[in-house]
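Structure at a glance
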Amino acid sequence: MSEPDSSEDFIVLINDEEQYSLWSQSIPVPPGWRVAHGPAARQACLDYVDEVWKDLTPRSVRLRLQQAADTGRAAE
């Protein structure tokens, strides 16, 4: 595998499940994704993802877990 071109700018995408993806700025943003950061150098984008994406659990799963916890507390 070759090293990425260090002069290429990247963007960080996010989807409705609050999952992130590192994406080349030269490729169109796919449906269901939007730009969360960038364009910036690859490492800056990776640093951003590392800083903001603390819970890899998809948003829909987190919401279901929270609802189940809330329902359990209400039954007590």
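The sections below set out a description of the structure shown in this document. (Residues numbered from 1 in each chain as written. Predicted model: local features only at pLDDT ≥ 70, side-chain atom pairs only at ≥ 80, totals over all residues. Heavy atoms only, no water.)

Quick look at unusual backbone geometry
Definition in use: The way it works is that DSSP assigns letters per residue, a run of H or I at least four long becomes a helix, a run of E at least two long becomes a strand, and they are numbered from the N terminus.
In this structure, the amide linkage connecting Gly-38 to the following residue, Pro-39, adopts the cis form with an omega of 10 degrees. Relative to the elements of secondary structure, Pro-39 occurs in strand S3 (residues 33-40). Phi at Glu-18 takes a positive value of approximately 60 degrees, unusual for a residue other than glycine.

Topic: the packing of aromatic side chains
Our working rule: A pair of aromatic rings is counted whenever rings of Phe, Tyr or Trp (Trp by its six-membered ring) have centres within 6.5 Å, and the orientation is called stacked for planes under 30 degrees apart, edge-to-face for over 60 and tilted otherwise. Buried residues are those whose accessible area, probed at 1.4 Å on protein chains only, stays under 20% of the maximum for their type, while exposed residues exceed 50% and partly exposed ones sit between those limits.
Counted under the stated rule, the structure contains 2 aromatic pairs. Residues Tyr-20 and Trp-53 carry aromatic rings whose centres are separated by 5.4 Å and whose planes lie at 55 degrees to one another, so their mutual orientation is tilted. Here Tyr-20, found in strand S2 (residues 20-24), pairs with Trp-53, found in the loop between helix H1 (42-52) and helix H2 (59-75); they are 33 residues apart in sequence, far enough to count as distant. Take Tyr-20: its relative accessible area is 18%, and that puts it in the buried class.

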